[in-house]
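Read off the chains here:
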Amino acid sequence: MRIALFTTCLVDTLFPGAAAATVRLLERLGHEVDVPAGQACCGQMHVNTGYAPEAVGVVRNHVRTFAPVLDGEWDAVVAPSGSCVGSTRHQQADVARRHGDPALADAAGRVAARTYELTELLVDVLGVTDVGAHFPHTVTYHPTCHSLRLLRVGDRPTRLLRAVDGLELVDLPDADQCCGFGGTFALKNSATSSAMVQDKVAAVRSTGAEVLTAGDWSCLMNIDGALRRTGGGTHAVHLAEILASTAERPWEPRPARARRGLRRVAGR
């Protein structure tokens, strides 16, 4: 298959390793990956903070960038983020329709129908759960709110993790509880957010796992920050990075993550 990678603005700006890992993983499985240079934000943060009219132009750019999937240039679009895929499916068309652009709404809906969160693409479209990964560490998995409730990814992530050679998956207590990030929720309701993430950190620490993983760096970023502020000991690693790891190219803890832009991710 030929697949377009929607890196998402958070990954592109702060955590490009997740995008690079997604590319390595899909290429290892025999697929061709393109990284369209015109992409930017999906518009989620605009809509969630009450700037829906301003989001229309952002949605238009997203649809224009990934419209080639409708003409067969790509077979699918994938993103290492349940949150952003949730936005493409549940917000973009609605925003365009409510602000007087039915043509954009139609195109957004059709692009969204060909857009998948990474575990959806692997399990539902490519039909694989064992991706040939090697990750000899104890891992606990946090199901992010958007992937759990909007996308309903279910057990796809844990099926993939259980098939990883050497990986021991430890159940996370109260896994379905929010970590407290919620984008601007963490800024506008900082006290509540802080209390929620402390509960999540306590649950993570109770597992004794070396690694905390999730399909969204937004939530991982929040939990990782709280973990680091209270002594560290557990590494936050995006699911794509685990699945991309092999015995020949193992994951290694990094004290500071390099920050690279989209073109450097594309060039790997």
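The following paragraphs examine the structure supplied in this document. Counting from 1, residues in each chain are numbered in the order their sequence is written. Reporting of local features is limited, given that this is a predicted model, to residues whose pLDDT is at least 70; pairs of side-chain atoms are given and counted only at 80 or more, and all residues count toward the totals for whole chains, interfaces and linings. In computing side-chain values, all of the structure's heavy atoms are included and hydrogens and water are not.

Structural notes on the overall build of the protein chain
Reasoning step 1: Within the protein chain, the secondary structure is distributed over 15 helices and 8 strands.
Reasoning step 2: In this description the radius of gyration comes from C-alpha coordinates, and the expected globular size is given by 2.2 Å times residues to the power 0.38. Since a compact globule built from 268 residues should have a radius of gyration of about 18 Å, the 18 Å found for the protein chain is in line with a globular shape.
Reasoning step 3: Seen through its principal axes, the protein chain has C-alpha atoms that stretch 50 × 45 × 30 Å.
Reasoning step 4: A buried classification covers 54% of the 268 residues belonging to the protein chain.
Reasoning step 5: Residue contacts follow a heavy-atom distance rule, with two residues in contact if any of their heavy atoms lie within 4.5 Å. Taking as baseline every contact in the protein chain between residues at least 6 positions apart, the subset at least 24 positions apart corresponds to 79%.
Reasoning step 6: As presented, the protein chain carries roughly 11,500 Å² of accessible surface, and 50% of it is formed by carbon and sulfur atoms. Strands are runs of DSSP state E lasting at least two residues, helices are runs of H or I lasting at least four, and both sets are numbered from the N terminus onward. Burial classification: accessible surface area is computed with a 1.4 Å probe over protein chains only, and a residue below 20% of its type maximum counts as buried, one above 50% as exposed, and the rest as partly exposed. Computed with the Shrake-Rupley method and a 1.4 Å probe, the accessible areas treat only the protein chains shown as cover for residues.

Points about unusual backbone geometry
Reasoning step 1: The backbone phi angle of Thr8 is positive, close to 75 degrees, even though this residue is not glycine.
Reasoning step 2: Locating Thr8 in the fold gives a position in the loop between β1 (2–5) and α1 (9–14).
Reasoning step 3: The phi torsion at Arg152 lies on the positive side, around 55 degrees, for a residue other than glycine.
Reasoning step 4: On the secondary structure map, Arg152 appears in the loop between α9 (145–150) and α10 (156–162).
Reasoning step 5: A residue is classified by how much of its surface remains accessible, and Arg152, at 63% relative accessible area, is exposed.

Digging into helix α12 (residues 190–207)
Reasoning step 1: The end-to-end C-alpha distance of α12, which contains 18 residues, comes to 26 Å, matching closely the 26 Å that a straight helix rising 1.5 Å per residue would cover.
Reasoning step 2: For α12, the complete set of buried residues consists of Ser193, Val197, Lys200, Val201, Ala203, Val204 and Thr207. Along the long axis of α12, the arc covered by the buried residues comes to 160 degrees, so they all point the same way. Of the residues in α12, the exposed ones pointing more than 90 degrees away from the buried face are Ala191, Asp199 and Ser206.
Reasoning step 3: Looking one or two residues past α12, Gly208 carries a phi angle of roughly 70 degrees, positive in sign. Expected helix span is taken as 1.5 Å per residue step, with the number of steps being one fewer than the number of residues. This arc is built from the directions going out from the helix axis to the C-beta atoms.

Here we look at the pairing of strand β7 (residues 211–214)
Taken residue by residue, a regular strand's side chains alternate between the two faces of the sheet.
Reasoning step 1: Alternating residues of β7 divide into Val211 and Thr213 and Leu212 and Ala214, and every residue in both groups is buried.
Reasoning step 2: Inspection of the sheet shows strand β5 (residues 138–141) paired to β7 by 3 bridges, in the parallel sense. Counterpart to Tyr141 in the pairing with β7 is Thr213. Strands are treated as partners if at least two bridges between them are detected by DSSP.

Some remarks on the nonpolar core
If you look at soluble globular proteins, the nonpolar side chains tend to sit buried side by side.
Reasoning step 1: The set of buried Ala, Val, Leu, Ile, Met, Phe, Trp, Tyr and Cys residues whose side-chain atoms join them within 4.5 Å is what this entry labels a nonpolar core. Grouped together as the largest cluster of nonpolar side chains are 53 residues, with contacts concentrated most on Leu26, Leu122, Phe135, Leu167, Ile223, Ile242 and Leu243.
Reasoning step 2: Contacts of Leu26, omitting those with residues within four sequence positions, involve Ile3, His31, Val33, Val78, Leu121, Leu122 and Leu126.
Reasoning step 3: Core analysis: the second largest hydrophobic core is formed by 25 residues, Ala55, Ala96, Ala107 and Ala108 among them.

Some remarks on the sheet that holds strand β2 (residues 32–34)
Paired through backbone hydrogen bonds, the strands of a sheet run either parallel or antiparallel to each other.
Reasoning step 1: The strand order β2-β1-β3-β4 describes an open sheet built from 4 strands, whose pairing is parallel. Either end of the sheet is taken by a strand with one partner, and the two such strands are β2 and β4 (115–117). Ignoring which end each strand starts from, the neighbouring axes of this sheet average 35 degrees apart.
Reasoning step 2: For β1 and strand β3 (residues 76–79), the ladder comprises 3 bridges, and the chain directions are parallel. Axis angles are defined between N-to-C directions and span 0 to 180 degrees, where every axis is a line fitted to C-alpha atoms and, for a helix, only to the segment in contact.

Some words on helix α13 (residues 217–229)
Reasoning step 1: Under the 1.5 Å per step criterion, the end-to-end length of α13 is 18 Å for 13 residues, consistent within 8% with the ideal 18 Å.
Reasoning step 2: Turning to α13, its buried residues number three or more, namely Trp217, Ser218, Cys219, Leu220, Asn222, Ile223, Asp224, Gly225, Ala226 and Leu227.
Reasoning step 3: Contacts from the buried residues of α13 go to α1, α2 (16–28), α12, β7, β8 (235–238) and α14 (239–244).
Reasoning step 4: A positive phi of about 115 degrees marks Gly231, the residue just after α13.

Section: the sheet that holds β7
Reasoning step 1: On the basis of which strands lie adjacent, the open sheet formed by 4 strands has the order β6-β5-β7-β8 and parallel pairing. Where the open sheet ends on each side, the last strands, each with one partner, are β6 (168–170) and β8. Ignoring which end each strand starts from, the neighbouring axes of this sheet average 35 degrees apart.

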